[in-house]
Amino acid sequence: MELIVFDIQRFALHDGPGIRTTVFLKGCPLDCLWCHNPESKKRKPQLGFLEKSCTGCGRCQKICRNQVHTITDSGIHQLDYQKCIQCGECVSHCLPHALKIYGKTMTTEMILDEVLKDKDFYERSGGGLTVSGGEAMLQFSALKELLKKAKEAGIHVCLDTCGQAPAEHYREIAQYVDLFLYDYKLTDAQEHKKYTGVSNELILKNLDMLCQMGANIYLRCPIIPGINDKESHYRGITEISQKYRSVLQVNLMTYHDMAKGKATQIGETYALSEIKTIPASEKQEIYRQVQALGCEKLAEG
């Protein structure tokens, strides 16, 4: 079976315990304004352009049959992303590597072969495979096959999920997951829909179900200035952590603005372009506030 992958990162240290290989899949049912992987939202492959690497040589303009690329008289490289069919011809002819395709089809065997290259490191560090996104559960059947094979190979498995998938899928895949990295984005239901595009009703129900099943969970909480950096949300995080024994750890994922550049690369405008990365001093204050509310499972995310 096949999955649409947009990145594989080896020696990842922040996607679960130990040294891990993180496989990022394309496609997401949410549309979070702050998404740190905007290239993951669409399930299909996308063309990416790294302007700072472009030399204006014009090879892409000559090779492209759909007039995606235009080099102006002043040397500016303009792209019409709507015309791109993701054939990859321009990428293969770009000598300075200013072009790339985000998203490629890989079989579960191909992915597992990459993961197994670092099995020794997993065993020494308590690490393993993490599957992230986007939302990996959108490619459920192939994802289940990949995780099953990983478990059969003796690999520890983490699944990073937003919780927006059918409950029966979580019940079915839980047997192959050692640890869920479960997103908790907003406490208020209306604000959740406003800023992510969907209600948090199903997300909370699935979280409750997994906890009732005894699944191991790290609660992952993005903190976004002006959106959810408020006491009511911090209190919601604390209450969730206290309610469920299965929530082993709470990670506060304070906002970083690196996604702005990623959005530009795929020809999109980043919704939160005016928001800056949360500095270390403010990050520590956020941790202090959450701890003061009684969250005893807080760990740096």
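Anyway, here's the lowdown on the structure attached to this text. This structure is a prediction, so every number in the text was calculated from the model and none was measured. (Residues numbered from 1 in each chain as written. Predicted model: local features only at pLDDT ≥ 70, side-chain atom pairs only at ≥ 80, totals over all residues. Heavy atoms only, no water.)

Observations regarding the pairing of strand β1 (residues 2-12)
The pairing of β1 with strand β7 (residues 104-107) spans four bridges and is antiparallel. Within β7, the position partnered with Ile4 by the bridge is Thr105. Relative to strand β2 (residues 20-25), β1 is paired through five bridges, and the arrangement is antiparallel. If you follow Val5 over to β2, its bridge partner there is Leu25. (Pairing = 2+ DSSP bridges. Helix = DSSP H or I, 4+ residues; strand = E, 2+ residues; numbered from the N terminus.)

Things to note about the packing of aromatic side chains
Evaluated as defined, the whole model comprises three aromatic pairs. For the cation-ring pair, Arg124 lies above Phe121, with the distance from its terminal atom to the ring centre recorded as 6.0 Å. (Phe/Tyr/Trp six-rings, centres within 6.5 Å; stacked < 30°, edge-to-face > 60°. Lys NZ or Arg CZ within 6 Å of the ring centre and 35° of its normal.)

Thoughts on helix α5 (residues 140-152)
In this model α5 runs 18 Å from its N-terminal to its C-terminal C-alpha over 13 residues, within 8% of the 18 Å that 1.5 Å per residue would give. Every buried residue of α5 is listed here: Phe140, Ala142, Leu143, Leu146, Leu147 and Ala150. The buried residues of α5 occupy an angular sector of 165° when the element is viewed end-on, so they sit on one face. Contacts from the buried residues of α5 go to β1, α3 (108-116), β8 (128-132), β9 (156-161) and α6 (167-173). (Expected span 1.5 Å × (residues − 1). Buried < 20%, exposed > 50% of the residue type's maximum accessible area, 1.4 Å probe, protein only. Arc of directions from axis to C-beta. Contact = heavy atoms within 4.5 Å.)

Concerning helix α8 (residues 201-213)
The terminal C-alpha atoms of α8 lie 19 Å apart, and with 13 residues this matches the ideal 18 Å at 1.5 Å per residue to within 8%. Among all positions in α8, only Ile203, Asn206, Leu207, Met209, Leu210 and Cys211 are buried. Directly beyond the C-terminal end of α8, a positive phi value near 85° is found at Gly214.

Observations regarding the nonpolar core
A general trend in soluble globular proteins is that nonpolar side chains are found buried together. Within the largest apolar cluster, 70 residues are counted, with the highest numbers of intra-cluster contacts made by Trp34 and Leu252. The dominant element in this core, judged by the number of residues it contributes, is α5, at six residues. Apart from residues no more than four positions distant in its own chain, Trp34 is found in contact with Lys185, Leu186, Tyr195, Thr196, Pro222, Ile224, Ile227, Tyr255, Tyr270 and Leu272. (Core = buried A, V, L, I, M, F, W, Y, C linked by side-chain atoms within 4.5 Å.)

Concerning the environment of Tyr102
Take Tyr102: it is sitting in strand β6 (residues 99-102). The class for Tyr102 is buried, based on a relative accessible area of 8%. In this structure the C-alpha to C-alpha distance between Tyr102 and Val5, which are 97 residues apart in sequence, comes to 8.1 Å. What Tyr102 contacts, discounting residues up to four positions off in sequence, is Phe6, Lys26, Glu39, Lys44, Pro45, Gln46, Gly48, Gln265 and Ile266. At 2.4 Å, the side chain of Tyr102 forms a polar contact with the side chain of Gln265. (Polar contact = N/O pair within 3.5 Å; in protein donor to acceptor, adjacent residues only side chain to side chain.)

By themselves these figures say nothing about function.
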